[in-house]
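Spelled out from the first residue to the last, the chains are:
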Amino acid sequence: MQESKRQKQIGQLLQKELSDIFQRHGFNVVDGGMISISAVRVTPDLLEARVYLSMFQIKDNHEMINRIKEQMGVIKRDLGNRVGKQLRRIPELTLFLDDTLDYVFKMEELFRKINDDDAGKENK
């Protein structure tokens, strides 16, 4: 289903503000890895938001999501202080792992292997 203009606007606003909150709380750089918010999708009633987290060089992604969930009360309070004037109710945040980056690295590795195999066959 297509997102409405309002849903996209609210999603972009939440993404921007959550990225700033993550930076202030130190979630963007953890244990030598990086976390970024790749997208925020909002339901048509604007009461729920799916927050997609992209993690780079994080050893245990699910453990990191659990650590962020433990801080969700503080994150949601800060978000409410920032967007309270634009929204009547702060959406319920649900965190999801965005594995697009992992998929890209796997595809690049496969293409590299294919090219290496082709180069090896040409040399014979």
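Our structure is the block above this text.
Note that the structure is a prediction, hence the values are computed from the model and not measured.

Conventions adopted
All residue numbers refer to positions counted from 1 along the written sequence of the respective chain. In keeping with the model being predicted, local features are shown solely for residues with a pLDDT of at least 70 and side-chain atom pairs are shown and tallied solely at 80 or more, while totals for entire chains, interfaces and linings include all residues. Each side-chain value is worked out from all heavy atoms of the structure, with water and hydrogens disregarded. Here the nonpolar core consists of buried residues drawn from Ala, Val, Leu, Ile, Met, Phe, Trp, Tyr and Cys, with membership extended through side-chain atoms lying within 4.5 Å. For each residue, the accessible area found with a 1.4 Å probe, counting protein chains only, is set against the maximum for its type, and the residue is called buried under 20%, exposed over 50%, and partly exposed in between. The contact definition used throughout considers only heavy atoms, calling two residues in contact when any of these lie within 4.5 Å. DSSP-based pairing: two strands are paired if at least 2 bridges between them are found. Secondary structure elements are taken from DSSP: a helix is a run of H or I of four residues or more, a strand is a run of E of two residues or more, and numbering for both begins at the N terminus. Simply put, an axis is a line fit to the C-alpha atoms, just over the touching stretch for a helix, and the angle between two N-to-C directions goes from 0 to 180 degrees. When describing relative orientation, an angle under 35 degrees is termed roughly parallel and one over 145 degrees roughly antiparallel, while 65 to 115 degrees is termed roughly perpendicular and anything else oblique. Handedness of each helix crossing follows the sense of rotation of the near helix against the far helix: counterclockwise by less than a right angle gives left-handed, clockwise gives right-handed. Three classes are used, and their members are as follows: Ala, Val, Leu, Ile, Met, Phe, Trp, Tyr, Cys and Pro are nonpolar, Asp, Glu, Lys and Arg are charged, and the others, Gly among them, are polar.

(A) Region of interest: the nonpolar core. In terms of nonpolar packing, the biggest core is built from 28 residues, with Leu14, Ile35, Leu53 and Ile68 touching the most fellow members. Excluding residues that lie within four positions of it along the chain, Leu53 makes contacts with Phe22, Ile35, Ser36, Ile37, Ser38, Ile65, Ile68, Leu95, Phe96, Leu97 and Asp98.

(B) The arrangement of the pairing of strand β2 (residues 33–42) in detail. Bridge analysis of strand β1 (residues 29–30) against β2 gives two bridges, and the strand direction is antiparallel. From the neighbouring strand, Val30 faces β2, where its bridge partner is Gly33. The loop that links β1 with its antiparallel partner β2 comprises two residues; one of these, Asp31, has a positive phi angle of about 50 degrees. The turn linking β2 back onto strand β3 (residues 48–56) is made up of five residues, and Leu46 within it adopts a positive phi angle of 60 degrees.

(C) Geometry of unusual backbone geometry. Despite not being glycine, Leu46 has its phi angle at roughly 60 degrees, a positive value. Its place among the elements puts Leu46 in the loop between β2 and β3.

(D) Inspection of the packing of helix α1 (residues 5–25) against helix α3 (residues 72–83) at higher detail. Axis separation between α1 and α3 bottoms out at 10 Å; the angle between their running directions is 130 degrees. Our classification of the angle between α1 and α3 gives oblique. Pair α1 / α3 crosses with right-handed handedness. In this structure, α1 contributes Leu13, Leu14, Glu17, Leu18, Asp20, Ile21, Phe22, Arg24 and His25 to the contact, and α3 contributes Val74, Ile75, Asp78, Leu79, Arg82 and Val83. A class-by-class count of the residues in the contact of α1 with α3 yields nine nonpolar, one polar and five charged.

(E) Highlighting the sheet that holds β3. Read across the open sheet, the four strands follow the order β1-β2-β3-β4; overall the sheet is mixed. Edge positions in the sheet fall to β1 and β4 (92–97), since each has one partner strand and no second. With six bridges connecting them, β3 and β4 associate as parallel partners. Looking at the pairing, Arg50 lines up with Thr94 of β4. Docked against the sheet, α1 engages β2, β3 and β4, running at close to 155 degrees with respect to β2.

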